[in-house]
Every structure is written in structure tokens, then in C-alpha cells.
Amino acid sequence: MASLTMPHSSVSQTAPSLMSSSSSVSSSSSLSFSRCSFLHKFNALASKESRAPSPPEYSLVKCGLSEPLKFGNDKPSIPIINERNLSKFLESSRVEKTVNRESTRLKLFSGTANPTLSKEIARYMGLELGKINIKRFADGEIYVQLQESVRGCDVYLLQPTCPPANENLLELLVMIDACRRASAKNITAVIPYFGYARADRKTQGRESIAAKLVANIITEAGANRVLSCDLHSGQSIGYFDIPVDHVYCQPVILDYLASKTICSNDLVVVSPDVGGVARARSFAKKLSDAPLAIVDKRRHGPNVAEVMNLIGDVKGKVAVMVDDMIDTAGTIAKGAALLHQEGAREVYACCTHAVFSPPAIERLTSGLFQEVIITNTIPVAEKNYFPELTVLSVANLLGETIWRIHDDCSVSSIFQ
């Protein structure tokens, strides 16, 4: 750490005194005292600087939100936590060194996929979104022009590859190319939702691994780093040949669940499939170490799921189903139906990415769920709002992460 390196002048002044220390006993004892004092101060400084922040303790009766969510016209409000009232997990995990909020070398540019989230991130960071012109030609081709200089700047491009996935992905690639040709120093692709992440392995012969292909394309376009939220599987990080910061939105949902004041003895965390057990176990551990249940299902085709069995006890309990995304809601809806059959009192659905492909809304509004909790990594269309839906903002989490990347501070300490 730079703060532990003593100034060059103090070292050069101490060296001559070491050379002359043998001239007299008094000067030797004085020098010994000086060296002891120096080492004492150095060790004290090192221990202070290296002291890790204590991990946050999640509670079911405390929440970082100032007030409960309010609905208007069946549209849930999105809680935005300002700089003076950070969510608890951010507040307790801040590094002692304050990040530089006055940097003029940091530029944010938003694509057209989720401009609302981009504005919230910029507001948290106290910055203005960069001026950029994105338009479509008559034949559908994408045109991008930066309308301000980015030469020598750290540029962050905010663009999830949500539906329409191909359109938004290509737009991101053209934005990256525009920044590279404008001599940006570093280009970070901020992709809250990484499309094609589910195509991360071969399950049958002659299949493509599209996640690796998309990673290669983003890298070849000129991106120097990728920042993404809750990837479908951890191995997707290895598909990139550039650094990847993988951000977990779990603490945002945990903070909200804390406001529900549900007794910890009544809770059970449910994984909707075997592949999500690690995610659900981590969630349960931070949720008062709640017990875990697993829905065993068999998938016979894309977006088609069949529930077979339940592993665990949910009778009389409040079941919290945890997944990384809800697409057609077939998996989570059939899982919720099974939980009710097994005697669950209430069922909450929690996910980071709300893809909501038809017929997801019909399944989610069928009365199976007490509440459906999602984040705004993907914009939710107005027609897809329903009374049980709660949307939480990840703007503060992403904004804080961007600051830490820019200032070379730890990102993982946010989640410790």
C-alpha cells in the first residue's frame, strides 16, 4: 500500500545517522530510541491501514430503507438510497480510504437498453451522463457518435444485453468501438444483465457455447474490463480474457427482506433447481442461517420445466425462492405450486434479472406468490407491472463499484 511507504526524505536523513552511530554511546542510544520509535509508528500505521472492515450482520428486524414501498396505479416505487443514507451493507463495508469523487477522467455513457438505471447510477456518483448520439438508420443499422472528448479518460458504458438481446449487444459493441477510436484510456463495459449467459456449456452434441462467443466479441471490440451482476454461472467469468468484476445483488434483496420482520424460525430458503443450490445456500446463510429446501425438476426442452419432487421441509413456513433470473416463470411457478402443496404458508420469489418473457406475467399473477421481488438490472415494461411486484434499485451498488474500480480500491470488500 502506498500509504505505508515512508517518504524518501525521511529515509535519506536516517541513513547518515546510522553510519555515525558508532562514534559515541550517547548518540548510539539516541539512535536506538529513534529507531524503536520509528518502528513503533510504522507498525501502528500498518496495522491501522490493513485493518479489514468488520463484516455486516444481517438482521430480520433492521433495514436500510427509510420507508416501505408505496404503490401508485399498480406501479411499485423504486427505493433510491441517496449518498447520505446508504444501504446498510454498503455503509458497513466502506473502505477507510475515501474515494476520489472529483475525478474529471471518469466518463459515463448510457446505451438505450436501460437509460433509467444509468441516470440513477450517475445521480449516485454525482456525475452527468456523457453526451452520445445513438440512432438507427432506415435499414436498422446502428450509428453511434460520442459528442464529447474521451481522450485519455476511463470510460464506463452502461448497457445490459436484455431483450432485444441481439440489438442491445450490437449497440454495446458499436459504443465500445467508438470509444476505442476516440482514444479512451480504459473502456469498461457495465453489463448489469449479461445475455447469452445460459449458453455456458454443451449439454448435447453439436451445440454452441454462445457465452464464450459473446465474451470474445466484447473483448475483440476493445473493452478492457467488464462489470456484470449475478452471472448465470460463475464459469462465465473465465470466458473473458480481460478482468471481470462480478457484482452480487443479493445484499440489496436481503436488506429489503429485513424490513418484512419475518420470524427467522418461520423462514426456509428454496432453490428452484439443483443448479441453484450454491446460490440459495449462500442466501440462507446470510438470512439468519435459515434452513434450505430444493425443488428437483427435470427440463425436457428450452423454457419447459417439470417439477418432480421437493427435498426439505416447508410445512407451515414462509418459503423464499431464490434464483438469478425469471424468464417465462415456468420453473419458479411450478416450484411455488409444489411448495403450497407441501404446506408452505407463504411463498416469496426473489430474483435479480426480470426477463419476463410471455407467459411470465400470467404465471406470476396466478395467486401463488405473496410477493415477487426483483431488481432493475432489466427495465420492466409498464404493461408488466402487477400489485405483487417489488422492484429494488441496484444503482447505488453499481455506482459504488464503479468508483472503487476507478480508484483501484477493493470491490470484494463490499460483500464481506
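Residues numbered from 1 in each chain as written. Predicted model: local features only at pLDDT ≥ 70, side-chain atom pairs only at ≥ 80, totals over all residues. Heavy atoms only, no water.

An unreviewed UniProt entry annotates the protein as ribose-phosphate diphosphokinase of Erythroxylum novogranatense. Per its UniProt entry, the protein bears the Catalytic activity (unreviewed entry) comment "D-ribose 5-phosphate + ATP = 5-phospho-alpha-D-ribose 1-diphosphate + AMP + H(+)". Check the Sequence similarities (unreviewed entry) section of the UniProt entry for the protein; it says "Belongs to the ribose-phosphate pyrophosphokinase family." (UniProt positions renumbered as here; feature names shortened; annotations may be inferred.)

Participant: I tried to follow the pattern of salt bridges on my own but got confused; where do I start?
Facilitator: Opposite charge on two side chains permits pairing when their charged atoms draw close. Scanning the model with the defined rule gives 13 salt bridges in all. Here E371 makes a salt bridge to K260, at a shortest N to O gap of 3.0 Å. One end of the pair, E371, is in strand β15 (residues 371–375); the other, K260, is in the loop between α7 (250–258) and β10 (267–271), and 111 residues separate them in sequence. Judged by its relative accessible area of 8%, E371 falls in the buried class. Here R279 ties to D324 by a salt bridge, and the two come within 3.9 Å at their closest N and O atoms. In this pair, R279 is assigned in helix α8 (residues 277–286) and D324 in strand β13 (residues 318–326), connecting sequence segments 45 residues apart. (Salt bridge = Lys/Arg side-chain N within 4 Å of Asp/Glu carboxyl O. Helix = DSSP H or I, 4+ residues; strand = E, 2+ residues; numbered from the N terminus. Buried < 20%, exposed > 50% of the residue type's maximum accessible area, 1.4 Å probe, protein only.)

Participant: Any chance you could explain helix α4 (residues 115–125) here in plain terms?
Facilitator: Structurally, the α-helix is built with 3.6 residues per turn, so residues lying three or four positions apart point the same way. Three or more residues of α4 are buried, namely L117, S118, E120, I121, A122, Y124 and M125. Buried residues belonging to α4 abut β3 (106–110), β6 (154–158) and α11 (395–406). (Contact = heavy atoms within 4.5 Å.)

Participant: Would you mind showing me how to read the side chain of D273 here?
Facilitator: Mapped onto the elements, D273 comes out in the loop between β10 and α8. The contacts of D273, once residues within four sequence positions are left out, are I294, V295 and K297.

Participant: Looking at this model, I keep getting lost on the pairing of strand β7 (residues 186–191). Mind explaining?
Facilitator: Across a regular strand the side chains alternate sides, sitting on one face of the sheet and then on the other. Burial analysis of β7 places five of its six residues in the buried class, which makes it a mostly covered element. Pairing of β6 with β7, which is carried by five bridges, proceeds in the parallel orientation. Paired with L158 across the strands is V190, a residue of β7. Running through helix α5 (residues 165–181), the crossover from β6 to the neighbouring parallel element β7 is right-handed. As defined by bridge partners, β7 adjoins strand β8 (residues 225–229) across four bridges and the pair is classed as parallel. Paired with V190 across the strands is L227, a residue of β8. After leaving β7, the chain enters helix α6 (residues 210–221) and then returns to the sheet as β8, a path that is right-handed. (Pairing = 2+ DSSP bridges. Right-handed = clockwise from strand over helix to strand, strands pointing away.)

Participant: What is the right way to read the pairing of β3 from this model?
Facilitator: For β3, the tally of buried residues reaches five of five residues, placing the bulk of the element in the interior. Going residue by residue along β3, you find L106, L108 and S110 tucked away on one face and K107 and F109 tucked away on the opposite face as well. As defined by bridge partners, β3 adjoins β6 across five bridges and the pair is classed as parallel. Note that in β6 the partner of F109 across the bridge is L157.

Participant: Looking at this model, I keep getting lost on the packing of α4 against α11. Mind explaining?
Facilitator: The description of two helices packed together rests on the angle between their axes and the distance between the axes. Put simply, α4 and α11 touch, their axes get as near as 8 Å, and they point 55° apart. For the element pair α4 / α11, the angle class is oblique. Judged by the sense of rotation from one axis to the other, the crossing of α4 with α11 is right-handed. Judged by residue contacts, L117, E120, I121, Y124 and M125 of α4 engage A395, N396, L398, G399, E400, I402 and W403 from α11. Residues that form the contact of α4 with α11 fall into these classes: eight nonpolar, two polar and two charged. (Axes fitted to C-alpha atoms, helices over the stretch in contact; angles between N-to-C directions. Parallel < 35°, antiparallel > 145°, perpendicular 65-115°, else oblique. Left-handed = near helix turned anticlockwise from the far one by under 90°. Nonpolar A, V, L, I, M, F, W, Y, C, P; charged D, E, K, R; others polar.)

Participant: Even after reading the chapter, I still don't get the environment of E148, so can you show me in this structure?
Facilitator: Relative to the assigned elements, E148 resides in the loop between β5 (142–146) and β6. Beyond its immediate sequence surroundings of up to four residues, E148 is in contact with K107, F109, G130 and K131. A polar side-chain atom of E148 sits 2.9 Å from the main-chain amide nitrogen of K131. (Polar contact = N/O pair within 3.5 Å; in protein donor to acceptor, adjacent residues only side chain to side chain.)

Participant: What exactly am I supposed to notice about α8 here?
Facilitator: Of the residues making up α8, those classed as buried are V277, A280, F283 and A284. Buried residues of α8, seen end-on, are gathered within an arc of 130° and therefore sit on one face of the element. Set apart from the buried face of α8 by more than 90 degrees, the exposed residues are A278 and K285. One or two positions beyond α8, positive phi appears at S288, with a value near 55°. (Arc of directions from axis to C-beta.)

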